[in-house]
Amino acid sequence: MKAMVFRDHGEVDQLHLEEIPEPTIGPNDCLIRVRAAGCNYNDIWARRGLPGMKIIMPHVSGSDAAGEVVGVGSEVASVKAGDRVLVHPGLSCRVCEACTSGNELFCREFKIWGFQTGPNDGAHAELAKLPAVNLIPMPANLSFEQAASLPLVLETAWRMLVTRARIAPGDFVLIWGGAGGLGVMAVQICLLFNARPIAVVSSDEKAALVRSLGAEHVIDRRTEDVLARVREITGRRGVDIAFEHVGEATWAQSLQSLKWGGTIVVCGATTGFDAPTDLRFLWNKQQNHLGSHLGTKAELLAALRFVESGQIRPVIDQVLPLADAAQAQTRMESDQAAGKLILVP
Ligand code: NDP
């Protein structure tokens, strides 16, 4: 089968469309024919290499896929050949105390499929292998491309806002990268909960996109003072929740934008991990600092109900052939993407 492979860390010239062996499935696995695969920042982290994390080579990236089941293991009864599915990218043992108490993310064997797995085990290929438990029936109202745009960012944004930050009606939520992969989901989740997203963007096109999703408050970080605008929008009170994934470049502004007793929830650090916190403000303002990572299958299922009802919609920037994975990654790295980039094998 054809797959987008890299064998060494580096720039996008490490990515090569190659012929590799088809995955072999175990008794609890399924084989899916990938009809569309999402791009995520993890694909870039894996290709660049992350200190302290071993990326298994040769590596096929891709943690979001939608396609048809073409093979099922001998023990699989939950899906059958021909089913249209999307994937939950969190892999865990499913038998330990963490997994059986609904905390699969705390399983000692927890991995993100297509990021921490391998060799040759991700969505950016013609065929992909996953445990049957990771497959979810595709909502009937979605195309393969739309379905592939959702899982990783939808479950991450859902966990950040709903499970961790406990978003409530009326909350002001500062969303960095409002038109990015996570951002477009976060804006829609806010509206679902009758909260008030304040979406930060860096182009007119992205501003138009978040407005079309229903965001009333939009800040262009190129031309506006984000903090001053947050103070104006919230009547000097500050936001209830800061939705963080940019890291070093925005952490200080996120903290300053937060109301007393507010919550900052963070899942990433695109611009760097070294983001200092002045502890005096943390205790005096009694703010909540929450980490959040991916989401559980249950959180993805909960969020997908609102995709089925049309209250959360997929947002696609571009659909490209798998051969153009490098172009997709460059577009993400240069903050051009508005919504999700999709690769079609
Ligand atoms: P995208 O590239 O789709 O969006 C990121 C957005 O961040 C960009 O659109 C850009 O928006 C904004 N941004 C980039 N640099 C800056 C800056 N200096 N200041 C302000 N805003 C900036 O990425 P994703 O939304 O998919 O992911 C974002 C991060 O979250 C990544 O680091 C990723 O690894 C992490 N992540 C972590 C997950 C987890 O489970 N822990 C899951 C998913 C993502 P604009 O230019 O319009 O302001």
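Residues numbered from 1 in each chain as written. Predicted model: local features only at pLDDT ≥ 70, side-chain atom pairs only at ≥ 80, totals over all residues. Heavy atoms only, no water.

### Considering the sheet that holds strand β14 (residues 239–244)
Selection rule: Any two strands are treated as partners once DSSP identifies two or more bridges connecting them. Numbered from the N terminus, helices here are DSSP runs of H or I no shorter than four residues, and strands are runs of E no shorter than two. Angles run from 0 to 180 degrees between N-to-C directions of axes, and those axes are lines fitted to C-alpha atoms, restricted for helices to the stretch in contact. Contacts are assigned to residue pairs that have any heavy atoms within 4.5 Å of one another.
Taking strand neighbours across the sheet as the criterion, the 6 strands line up as β13-β12-β11-β14-β15-β16 in an open arrangement whose pairing is parallel. Edge positions in the sheet fall to β13 (217–220) and β16 (288–291), since each of these pairs with one other strand and no more. Between one strand axis and the next, the sheet turns by 20° as a mean value, whatever way the strands run. The sheet contact formed by strand β15 (residues 258–266) and β16 spans 4 bridges and is parallel. Bridged to Val265 within β16 is Leu290. Against the sheet, helix α7 (residues 226–233) touches β11 (172–175), β12 (196–201), β13 and β14, its axis set at about 165° to β13.

### Points about the site of the ligand
Note the cut-off: Being near a molecule or strand, for a residue, comes down to having at least one heavy atom within 4 Å of it. Polar contacts, as counted here, are pairs of nitrogen or oxygen atoms within 3.5 Å of one another; within protein the pair requires one atom able to donate a hydrogen and one able to accept it, and residues that are adjacent in sequence qualify only if both atoms are side-chain atoms. Only the protein chains shown count as covering a residue, and every accessible area follows the Shrake-Rupley method with a 1.4 Å probe. As defined here, a cavity is a set of points on a 1 Å grid over the protein atoms alone where a 1.4 Å probe fits but cannot get out. A pocket is an open set with protein on both sides within 12 Å along at least five of seven lines, and residues line them when an atom is within 4 Å of a point. Just a note on the criterion: a molecule sits in a pocket or cavity if more than half of its atoms are within 2 Å of the grid points. Following the grouping adopted for this structure description, the nonpolar residues are Ala, Val, Leu, Ile, Met, Phe, Trp, Tyr, Cys and Pro, the charged ones are Asp, Glu, Lys and Arg, and the polar ones are all others, Gly among them.
Around the ligand there are 24 residues in total, and Gly181, Ser202, Arg221, Thr270 and Leu294 lie nearest to it. Gly181 is positioned with one of its backbone polar atoms (N or O) 2.7 Å from an oxygen atom of the ligand. At 2.9 Å, a backbone N or O of Leu182 approaches an oxygen atom of the ligand. Isolated, the ligand exposes 910 Å² of accessible area, and the fraction of that covered by the protein chains is 93%. Put simply, the ligand lies in the largest pocket. Of all the secondary-structure elements, those providing two or more residues to the shell around the ligand are α1 (41–48), α4 (151–164) and α5 (181–192). Residues belonging to the shell around the ligand are distributed by class as follows: 11 nonpolar, 10 polar and 3 charged.

### With respect to the pairing of strand β3 (residues 29–38)
The test is simple: Each residue is assigned to one of three classes by its accessible area relative to the maximum for its type, calculated with a 1.4 Å probe on protein chains only: buried under 20%, partly exposed between the two thresholds, exposed over 50%.
Burial analysis of β3 places 8 of its 10 residues in the buried class, which makes it a mostly covered element. Note: β3 against strand β9 (residues 127–131), 5 bridges, orientation antiparallel. Paired with Cys30 across the two strands is Leu130, which belongs to β9. Across 8 bridges, the pairing between β3 and strand β5 (residues 64–72) is antiparallel. Bridging across to β5, Leu31 finds its partner in Gly71.

### Description of the sheet that holds strand β2 (residues 16–19)
Strand order in the open sheet formed by 3 strands is β2-β1-β4, and the pairing between neighbours is antiparallel. Strands with a single pairing partner mark the edges of an open sheet, and in this sheet they are β2 and β4 (59–60). Taken together, the 4 bridges between strand β1 (residues 2–6) and β2 define a ladder with antiparallel strand orientation. From the neighbouring strand, Ala3 faces β2, where its bridge partner is Glu18.

### Focus: the environment of Asp225
Within the secondary structure layout, Asp225 lies in the loop between β13 and α7. Separated by 112 residues in sequence, Asp225 and Trp113 have C-alpha atoms that sit 39 Å apart. Of note is the side chain of Asp225, whose polar atom sits 3.1 Å from the backbone nitrogen of Leu227. One polar contact links the side chain of Asp225 to the main-chain amide nitrogen of Ala228, over a distance of 3.1 Å.

### Comments concerning the pairing of β12
A regular strand places its side chains so that they alternate between the two faces of the sheet. The following threshold applies: Call a crossover right-handed when, viewed with both strands pointing away from you, the route from the first strand across the helix to the second goes clockwise.
Counting buried residues in β12 gives 5 out of 6 residues, a clear majority hidden from the surface. As paired strands, β11 and β12 are joined by 4 bridges and run parallel to one another. For Phe172, the partnering residue across the bridge sits in β12 and is Arg196. With α5 bridging β11 and the parallel β12, this β-α-β connection has right-handed handedness. Two elements, β12 and β13, share 4 bridges in a ladder whose sense is parallel. Across the sheet, the residue bridging to Val200 is Ile219, located in β13.

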